[in-house]
Amino acid sequence: MKLYFNINFHTKFGEKLQILVFEEGQEPIAHLLEYSTNGNWRAEVDFFSKNLHYKYQLVSSNGTVLDEEFAEHKLELPHNYKEFQVFDVWNLKNFPENYLTNKILKNKLSGFKPEKVSVLKKHTHLFRLEAPLYNPNWRIVILGNSAALGNWEYLKTVPMQQTDYGVWEVAVEITENQFVNYKYGILDEVSGKVFDVEHGDNRWALPNADKNVLQIKADHYFSYKSFEMYRAAGVAVPVFSLKSEKGFGVGEFSDMKALADWAKETNLGIVQILPINDTTANYTWTDSYPYAAISVYALHPQYLSIDNLEFKLSKKSEKEYLAKKSELNSLNLIDYEQVISGKWKYATEIFNENKEAILKDRNFKKFLKDNEEWLLPYSAFCVQRDKYKTPNFNDWKTHKKYIAGKVSPFFSPKNKEYEIAMLHAWVQYQLHLQLKDAIDYTHQLGISVKGDLPIGIYRHSVEAWTEPELFGMDFQAGAPPDQFTDLGQNWGFPTYNWEAMKADGYKWWKNRFK
């Protein structure tokens, strides 16, 4: 197939445009565009796949990339055409679709099924617009100065198909040999009325009389009015405060489902939770501070539901567990120390009684493999912390300095610490399952969950132990004086070594945001 790419982009002397075409399993191929007039660039590309991914780059005369688009273009090419004329717009970072197409959109459109666009041989134009709509009853329509586009009549607008989240497409046959002027609008499918048409100059397309060519107008930047943008009310809550009769004296991940039900009933769109990372340093109430995490990846065992573990307590322990559960739930406040010690007691008992089945579980093995990069150091850190009764690795008799080759045996069955390390890894696996179950349930209700990412790391944490070169361990972060404190705040957290982080492309931050 022949593809002709067209884009209007104004460059400086000596600068050129190139298009980078991506094909699965192959290195991307760059094609230079030729300049004509008035900022118009064009390239001819041979392509033989149905799915097309590409982006434009601005390059210097020696080929250095000076700038490139924020996001890739994606097209599904119908098989019944020999040539395609593609008219693009440079995809700027601040286009609404680039910040509105997000997880919240997918949650609001829970249950979304991509619609299919019918492209027949008779069709001359395919119009494509990226415009996320958060109201499931709204639909993008197109209208213009031809019969196929309704001749600007609101009652004859052409509905478009949502082929992906926020992506709208429609193919039409335009027979008039004239410049095509058009605009996009929004249809309320409940009332059946087009209540908005984008303002500003008309968009345009060239006429197309060649039946072997499909002209694709890949448009961006729908001009939203403020009320058409996403807005929602929400609630912020620490998970530990979601204490219920189902839990063990503290709010647990499973209790987030009841919060989601309430949010749905009250028309709230977002639930924000405080940090949920493991802060277990001394197993005392001082560990309850949620911003002093011993790992930026591990989840806090206090949120583990014993009742919802994959394996159950033995009959002989169940009576004692239920009595303790009732006692802790009757308290007006959370007794952190009894909660955390009790949960570890019963989780350890379940692990020991079902150890053989747990260690053979394929899903658990996959979890270990997929998360080994952080889970192995974390599990080893927990073993060492409990062995020496302190998270301060400088006070440990062994493994004061993290050396990957000497710590990796903690995950080896021949190691004497293997089973204890596996216990910590398995608890993390169970926490992962329970949190995922709660989040999936919340998302299915169309409600989004917003987390809280602590900006600092704890001085006696896995990260400080394994990668001290990334932090200013001789410094302490805090906040200057403000309306809350005349003296400012000293959080005690080490600062970041930004030069060291920059050297490897900020890998630490990228891994943390995954």
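Residues numbered from 1 in each chain as written. Predicted model: local features only at pLDDT ≥ 70, side-chain atom pairs only at ≥ 80, totals over all residues. Heavy atoms only, no water.

Would you explain empty space enclosed by the protein in this entry?
Picture a little ball the size of a water molecule; that probe, rolled over the atoms, points out where space is still empty. One pass over the structure, following the stated rule, counts two cavities of 30 Å³ or more. Lining the largest cavity, in full, are Phe240, Pro275, Asn277, Thr279, Asp287, Ser288, Tyr289, Pro290, His300, Gln302, Tyr303 and Tyr336. Considering only enclosed or pocket space, the second largest cavity measures out at about 40 Å³ in volume. Taken together, Asn277, Tyr291, Ala293, Ser295, Val296, Pro454, Gly456, Ile457 and Arg512 make up the lining of the second largest cavity. Counted by class, the lining of the second largest cavity contains five nonpolar, three polar and one charged residues. (1 Å grid on protein atoms, 1.4 Å probe; cavity = no way out; pocket = protein on both sides within 12 Å on 5 of 7 lines; lining within 4 Å. Points joined across faces, edges and corners; volume = space filled by probe spheres on them. Nonpolar A, V, L, I, M, F, W, Y, C, P; charged D, E, K, R; others polar.)

Please clarify how the sheet that holds strand E1 (residues 2–8) should be interpreted in this entry.
Note: strands within a sheet are paired through backbone hydrogen bonds, in either parallel or antiparallel orientation. Pairing is mixed across the open sheet formed by eight strands, whose spatial order is E4-E5-E1-E9-E18-E10-E14-E13. The open sheet has two free edges, formed respectively by strand E4 (34–35) and strand E13 (161–164), since each of these has just one partner strand. Both E13 and strand E14 (residues 167–172) contribute to a ladder of three bridges, which runs antiparallel. Looking at the pairing, glutamine 161 lines up with glutamate 169 of E14. (Pairing = 2+ DSSP bridges. Helix = DSSP H or I, 4+ residues; strand = E, 2+ residues; numbered from the N terminus.)

Just to check I follow, could you spell out the packing of aromatic side chains for this structure?
Given two aromatic rings, one states the distance between the centres and the angle between the planes to describe the pair. Counting across every chain of the model gives 38 aromatic pairs. Both rings, one in phenylalanine 127 and one in tyrosine 182, keep their centres 4.8 Å apart while their planes meet at 65 degrees; by these two values the pair is edge-to-face. Placement of phenylalanine 127 in strand E10 (residues 125–130) and of tyrosine 182 in strand E15 (residues 180–188) is noted, with a sequence separation of 55 residues between them. On the accessibility criterion, tyrosine 182 (0% relative accessible area) is buried. Ring centres of tyrosine 496 and tryptophan 508 lie 5.8 Å apart, and the angle between their planes is 55 degrees; this geometry places the pair in the tilted category. (Phe/Tyr/Trp six-rings, centres within 6.5 Å; stacked < 30°, edge-to-face > 60°. Buried < 20%, exposed > 50% of the residue type's maximum accessible area, 1.4 Å probe, protein only.)

What is the right way to look at unusual backbone geometry in this model?
With the exception of glycine, most residues fall at negative phi, and the peptide bonds are largely trans. Backbone geometry at asparagine 151 places phi at a positive 50 degrees, although glycine is not the residue there. Structurally, asparagine 151 can be placed in the loop between strand E11 (138–144) and strand E12 (158–159). Exposure remark for asparagine 151: the relative accessible area of 43% places this residue in the partly exposed category.

Sorry, what's going on with the layout of surface pockets here?
Of the volumes computed, that of the largest pocket is approximately 1100 Å³. Taken together, 31 residues form the lining of the largest pocket, with Ile276, Tyr297, Leu299, Leu435 and Lys514 sitting closest to its centre. Where the lining of the largest pocket is concerned, the elements lending two or more residues are helix H2 (103–108), strand E20 (270–273), helix H10 (418–444), strand E21 (448–450) and helix H13 (507–513). Broken down by element, the residue count for the lining of the largest pocket peaks at six residues, all from H10. Of the residues that constitute the lining of the largest pocket, the class distribution is 16 nonpolar, nine polar and six charged. Considering only enclosed or pocket space, the second largest pocket measures out at about 890 Å³ in volume. Lining the second largest pocket are 33 residues, with Glu76, Arg128, Thr163, Asp164 and Glu169 sitting closest to its centre. Of all the elements in the fold, those that place two or more residues in the lining of the second largest pocket are strand E6 (51–59), strand E8 (73–76), helix H1 (96–100), E10, E13 and E14. Residues that form the lining of the second largest pocket fall into these classes: twelve nonpolar, nine polar and twelve charged.

Can you walk me through the packing of helix H4 (residues 315–329) against helix H5 (residues 336–353) in this structure?
The relative placement of two packed helices is expressed as an angle between their axes plus a distance between the axes. Viewed as axis vectors pointing N to C, H4 and H5 meet at an angle of 160 degrees, and their least axial separation amounts to 11 Å. In terms of axis orientation, H4 runs roughly antiparallel to H5. Here H4 and H5 pass one another in a crossing that is left-handed. Between H4 and H5, the residues in contact are Lys316, Ser317, Glu320, Tyr321, Lys324, Glu327 and Leu328 and Gln338, Val339, Lys345, Tyr346, Glu349 and Glu353, respectively. Residue composition of the contact of H4 with H5, grouped by class: four nonpolar, two polar and seven charged. (Axes fitted to C-alpha atoms, helices over the stretch in contact; angles between N-to-C directions. Parallel < 35°, antiparallel > 145°, perpendicular 65-115°, else oblique. Left-handed = near helix turned anticlockwise from the far one by under 90°. Contact = heavy atoms within 4.5 Å.)

Would you mind showing me how to read H5 here?
Turn by turn, an α-helix covers 3.6 residues, leaving residues three or four places apart pointing in a common direction. The first and last C-alpha atoms of H5 sit 26 Å apart over 18 residues, in line with the 26 Å expected at 1.5 Å per residue. Those residues of H5 lying buried are Tyr336, Val339, Ile340, Gly342, Lys343, Trp344, Tyr346, Ala347, Glu349, Ile350 and Phe351. Contact partners of the buried residues in H5: H4, helix H6 (355–360) and H10. (Expected span 1.5 Å × (residues − 1).)

Teacher, can you tell me more about the pattern of salt bridges here?
One side chain can pair with another of opposite charge once the charged atoms of both are near each other. Counted according to the given criterion, the structure contains 23 salt bridges. One salt bridge connects lysine 325 with aspartate 307, and the closest N-O pair in it is separated by 2.6 Å. In this pair, lysine 325 is assigned in helix H4 and aspartate 307 in the loop between E20 and H4, connecting sequence segments 18 residues apart. Its relative accessible area of 11% is what places lysine 325 among the buried residues. The partner of lysine 360 in a salt bridge is glutamate 356, with the nearest N and O atoms 3.2 Å apart. Here lysine 360 and its partner glutamate 356 are both found in helix H6, four residues apart, which amounts to about one turn of the helix. As far as the burial class goes, lysine 360 and glutamate 356 line up, both exposed. Residues joined in a network through salt bridges with shared partners are Lys2, Glu44 and Asp46. (Salt bridge = Lys/Arg side-chain N within 4 Å of Asp/Glu carboxyl O.)

How should the sheet that holds E20 be read in this particular structure?
One open sheet holds the three strands; their spatial order is E19-E20-E21, and the pairing between them is parallel. Strands at the two margins of the open sheet, each flanked by one partner only, are strand E19 (234–237) and E21. Taken pair by pair, the neighbouring strands of this sheet meet at an average axis angle of 20 degrees, ignoring direction. By the bridge criterion, four bridges tie E19 to E20 in an arrangement that is parallel. Pairing of alanine 236 across the sheet is with glutamine 272, part of E20.

Explain the nonpolar core to me, please; I cannot follow it from the model alone.
Formed by 77 residues in total, the largest nonpolar core has its most connected members in Phe253, Met256, Ile306, Trp426 and Trp508. In this structure, Phe5, Leu52, Val86 and Ala171 belong to the second largest nonpolar core, which totals 27 residues. (Core = buried A, V, L, I, M, F, W, Y, C linked by side-chain atoms within 4.5 Å.)

Looking at this model, I keep getting lost on helix H7 (residues 362–370). Mind explaining?
Listing the buried residues of H7 in full gives Phe364, Phe367 and Leu368. Looking straight down H7, one finds its buried side chains confined to an arc of 100 degrees; they lie on one side. Seen from the buried face of H7, the exposed residues on the opposite side, beyond 90 degrees, are Arg362, Lys366, Lys369 and Asp370. Taken together, the buried residues of H7 touch H6, helix H8 (372–388) and H10. (Arc of directions from axis to C-beta.)

Distances and angles like these do not, on their own, reveal function.
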